[in-house]
Amino acid sequence: VTTVVEGNDGIIFEINCETDFCSKGDKFKALVAEIAAALKASSAKCLEEALNVAINGTTVEKYIAEQCAAIGENMKLRKFARYTMAGEGSIVSYIHMGGKVGVLLQVETGKAETASAEAYQTLCKDITLHIAACAPKSVDSSSLDPAFVAEEQEIAKAQLIAEGKPEHLLEKILPGKLKALYKQSCLLSQEFVKDPSVSVEQLVANIGKQLGDTITIVAFERFQLGA
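Everything numeric here is computed off the predicted structure, so don't read it as measured data.

K.L.:
So what's going on with the sheet that holds strand β2 (residues 9-16)? Which residues, and what values?
P.N.:
Taken together, 3 strands build an open sheet; the order of strands is β1-β2-β5 and the sheet is antiparallel. Lying at the two open borders of the sheet, with one neighbouring strand each, are β1 (2-6) and β5 (76-84). Neighbour-to-neighbour, the strand axes of the sheet open up by a mean angle of 10 degrees, direction not taken into account. Relative to β5, β2 runs antiparallel, the two sharing 8 bridges. Paired with asparagine 16 across the strands is lysine 76, a residue of β5.

Set out below in structure tokens:
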């Protein structure tokens, strides 16, 4: 997993190969650097667009296929995402475990000067570390995949029935299960990994108050190799 961030624009992508030997080799590293430069210079916003970015007279997808023979392994661009800031704030990234996990984070602020504050920069870094460690599925409950929520509710309901809970009590118990799901799955609801006494939402609000600004976590991507 690789990230490239310059100013108000950042990308994250995952290129797969078959062995650790290949991933640590100079040829593969050079290929990743080439791909990174081409993708960063492009306007690609999704994987399909990234695969069709021009590079060395062909497309990224075809160029990787050509390099499979030269390097001697199957490789492919598996994931790609881009964040671009329009207003105030920043895009930050973090690579964990030598590229096995990568995080791209978009944060908005109300004031331009907030981005240069040490407390803000530490906050952004800490949140990327938290995302890498805790693997949230969404920023908040409103952005959580409805299909995931529905599936988890059905699982919880089946467990309650198996435990012998009367059906007429399920509607009273399920909201509590849903709240627990949000706390487990949503970034802002999670306990901050470095200080579980506060949630990520509380941490962001505290730093915002300290700096006299409103700080908003807009979006994040967490890529885990092969996941």
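K.L.:
Mind laying out the nonpolar core, listing which residues take part and the relevant values?
P.N.:
Counting 24 residues, the largest nonpolar core has Phe13, Ile15, Ile35, Leu39, Val60, Leu77 and Phe80 as its most contacted members. Elements that contribute at least two residues to this core include exactly β2, α2 (26-41), α3 (47-51), α4 (60-71) and β5. Among the elements that take part in this core, α2 stands out by supplying 7 residues, more than any other. Apart from the residues lying within four places of it in its own chain, the contact partners of leucine 39 are Ile11, Phe13, Ala50, Val53, Val60, Leu77, Phe80 and Arg82.

K.L.:
Kindly report on the side chain of glutamine 106, identifying the contributing residues and their values.
P.N.:
Mapped onto the elements of the fold, glutamine 106 is located in strand β7 (residues 101-109). Owing to a relative accessible area of 10%, glutamine 106 belongs among the buried residues under this scheme. Apart from residues lying up to four places away in sequence, glutamine 106 is in contact with Tyr83, Thr84, Met85, Ser90, Ile91, Thr216, Ile217, Val218 and Ala219.

K.L.:
Pulling in residues and values, what's your account of α4?
P.N.:
Here α4 contains 12 residues, and its C-alpha end-to-end distance of 16 Å stays within 8% of the 16 Å for a straight helix at 1.5 Å per residue. All of the buried residues along α4 are Val60, Tyr63, Ile64 and Cys68. Buried residues of α4, viewed axially, fall in a sector of 160 degrees; they line one side. Of the exposed residues in α4, those oriented more than 90 degrees away from the buried face are Lys62 and Ala69. Immediately beyond the C-terminal end of α4, within one or two residues, lies glycine 72, with a positive phi of roughly 90 degrees.

K.L.:
Now, about the pattern of salt bridges: what can you tell me, with residues and values included?
P.N.:
The full count for this structure, using the stated rule, is 6 salt bridges. Between lysine 40 and aspartate 9 there is a salt bridge, with the nearest N and O atoms lying 2.8 Å from each other. Placement of lysine 40 in helix α2 and of aspartate 9 in strand β2 is noted, with a sequence separation of 31 residues between them. Through salt bridges with shared partners, a single ionic network connects Glu6, Asp9, Lys40 and Arg82.

Conventions and cut-offs
- Residues numbered from 1 in each chain as written.
- Predicted model: local features only at pLDDT ≥ 70, side-chain atom pairs only at ≥ 80, totals over all residues.
- Heavy atoms only, no water.
- Pairing = 2+ DSSP bridges.
- Helix = DSSP H or I, 4+ residues; strand = E, 2+ residues; numbered from the N terminus.
- Axes fitted to C-alpha atoms, helices over the stretch in contact; angles between N-to-C directions.
- Core = buried A, V, L, I, M, F, W, Y, C linked by side-chain atoms within 4.5 Å.
- Buried < 20%, exposed > 50% of the residue type's maximum accessible area, 1.4 Å probe, protein only.
- Contact = heavy atoms within 4.5 Å.
- Expected span 1.5 Å × (residues − 1).
- Arc of directions from axis to C-beta.
- Salt bridge = Lys/Arg side-chain N within 4 Å of Asp/Glu carboxyl O.

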